[in-house]
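Structural overview for review
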Amino acid sequence: DEGPRATPTIAAGRVFTYGAEGRLSCWQLETGAPLWHVDAVKEFGSQKGFFGRAASPLVEGELVILMPGGRDGAGVVAFEVATGKVRWKATGDEASYAAPTAATIRGRRIIFALTRDALVALQPLDGKVIFRHPWWPRGSATVSAATPLVVDDLIFLSASYGAGASLLRFQERGPEEIW
C-alpha cells in the first residue's frame, strides 16, 4: 500500500515507524541505522483496513505501544524499546487509525487506545484492561482517526461518519459520560 500514514515517533535516541503494510521498525536517530523490526501482518495477522495501517506508535517508558489489530489478543501490543520483543498483548479489537495516547490520572499512568470498536484504557506495564467503553462511527465503511484527547480526568473522543464527539470522565469501572 502506498504510504506512510503514521507519524514517526522519536524517543530515547531512536525513531519508531509503522508503515501502511504493517512493519514496525526501530532506527537509531543519529545514524539512521536499523535496530529491529516486526512484521505485524506475519506476527499478529494485522488486517489492512480501508487505508492500510496508520496508527502512530506510542513510546511509554521502555515500551513501544502499537495497535496492530491482530489475532490472538493482539489488538494492542507493547514491545520493548531496546529489542522489539513483545512484552504484552491486549484486546481482540481491530485497529483504528487513531494513535494510542498516555496520560496520568490521579497519579496513575494509563494508556488510552481508540480501537475500531471501543475506547480501551490499559495499564502500561502489563496491558491489563482497566475498562472497555464501546464507541465508534456507525456503518461498515467508517474511520476513527482522531487520537483521544485527555485533560485531567476528562477524555474527549471524536470521529466523522456521524459519530460526532463525546466527553467522558475517567472512572475505574468505566467512564462516566458527560455528553
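The sections below set out a description of the structure shown in this document.

Scoring rules and cut-offs
Residues numbered from 1 in each chain as written. Predicted model: local features only at pLDDT ≥ 70, side-chain atom pairs only at ≥ 80, totals over all residues. Heavy atoms only, no water. Helix = DSSP H or I, 4+ residues; strand = E, 2+ residues; numbered from the N terminus. Rg over C-alpha atoms; globule rule 2.2 N^0.38 Å. Contact = heavy atoms within 4.5 Å. Areas by Shrake-Rupley, 256 points an atom, 1.4 Å probe, with all protein chains shown as cover. Lys, Arg positive; Asp, Glu negative; His and termini not counted. Charge placed at Lys NZ, Arg CZ, Asp CG, Glu CD. Buried < 20%, exposed > 50% of the residue type's maximum accessible area, 1.4 Å probe, protein only. Pairing = 2+ DSSP bridges. Axes fitted to C-alpha atoms, helices over the stretch in contact; angles between N-to-C directions. Polar contact = N/O pair within 3.5 Å; in protein donor to acceptor, adjacent residues only side chain to side chain.

**Some thoughts on the overall build of the protein chain**
- Secondary structure summary: the protein chain contains one helix and 16 strands in total.
- For the protein chain, whose C-alpha radius of gyration is 15 Å, the value lies close to the compact-globule estimate of 16 Å for 179 residues.
- By its C-alpha atoms, the protein chain is 45 × 40 × 30 Å across when sized along the principal axes.
- Residue pairs in contact within the protein chain that sit at least 24 positions apart in sequence constitute 42% of those at least 6 positions apart.
- When the accessible surface of the protein chain is summed, it comes to about 8,600 Å², and 52% of that surface belongs to carbon and sulfur atoms.
- Put simply, the protein chain has 19 plus and 19 minus side-chain charges, and the middle of one group is 2 Å from the middle of the other.

**So, the pairing of strand E10 (residues 108-114)**
- For E10, a buried count of five out of seven residues is recorded, marking the element as mostly surrounded by other parts of the structure.
- Pairing of strand E9 (residues 101-105) with E10, which is carried by five bridges, proceeds in the antiparallel orientation. Considered in E10, the bridge of Thr101 is made with Phe112.
- The antiparallel hairpin formed by E9 and E10 contains two residues in its connecting segment, where Arg106 sits at a positive phi of about 50°.
- Bridge analysis of E10 against strand E11 (residues 118-122) gives four bridges, and the strand direction is antiparallel. Its bridge partner lying in E11, Leu114 is registered against Leu119.
- Taken together, E10 and the strand that follows it, E11, pair antiparallel across an intervening segment of three residues.

**Some thoughts on the sheet that holds strand E1 (residues 9-11)**
- An order of E1-E2-E3-E4 is seen for the four strands of this open sheet, with the pairing classed as antiparallel. In this open sheet, the two edge strands, each paired with only one partner strand, are E1 and strand E4 (34-39). The mean inter-strand angle of the sheet, taken between neighbouring strand axes irrespective of direction, is 15°.

**Some points on the pairing of strand E7 (residues 76-80)**
- Among the five residues in E7, five count as buried, and that is most of the element.
- Burial of the side chains of E7 extends over both faces: Val76, Ala78 and Glu80 are buried on one face and Val77 and Phe79 on the other.
- Relative to E7, strand E6 (residues 63-66) is paired through four bridges, and the arrangement is antiparallel. Paired with Leu63 across the two strands is Glu80, which belongs to E7.
- Where E7 and strand E8 (residues 86-90) come together, four bridges link them in antiparallel fashion. Bridge assignment links Phe79 to a residue of E8, and that residue is Val86.
- Linking E7 back to E8 in an antiparallel pair, the connection comprises five residues, with Gly84 at a positive phi of about 85°.

**Focus on the side chain of Ser166**
- Here Ser166 lies in strand E15 (residues 164-169).
- If we ignore the near neighbours within four places in the chain, the residues touching Ser166 are Trp135, Ile155, Phe156, Leu157 and Trp179.

**A few points about the environment of Glu172**
- When you line up the elements, Glu172 lands in the loop between E15 and strand E16 (176-177).
- Given the relative accessible area of 40%, Glu172 is considered partly exposed.
- Taking the C-alpha atoms as reference, Glu172 lies 29 Å from Thr9; in sequence the two are 163 residues apart.
- Beyond its immediate stretch of four places on either side in the chain, Glu172 contacts Arg108, Ile130 and Phe131.
- A polar atom in the side chain of Glu172 sits 2.3 Å from the side chain of Arg108.

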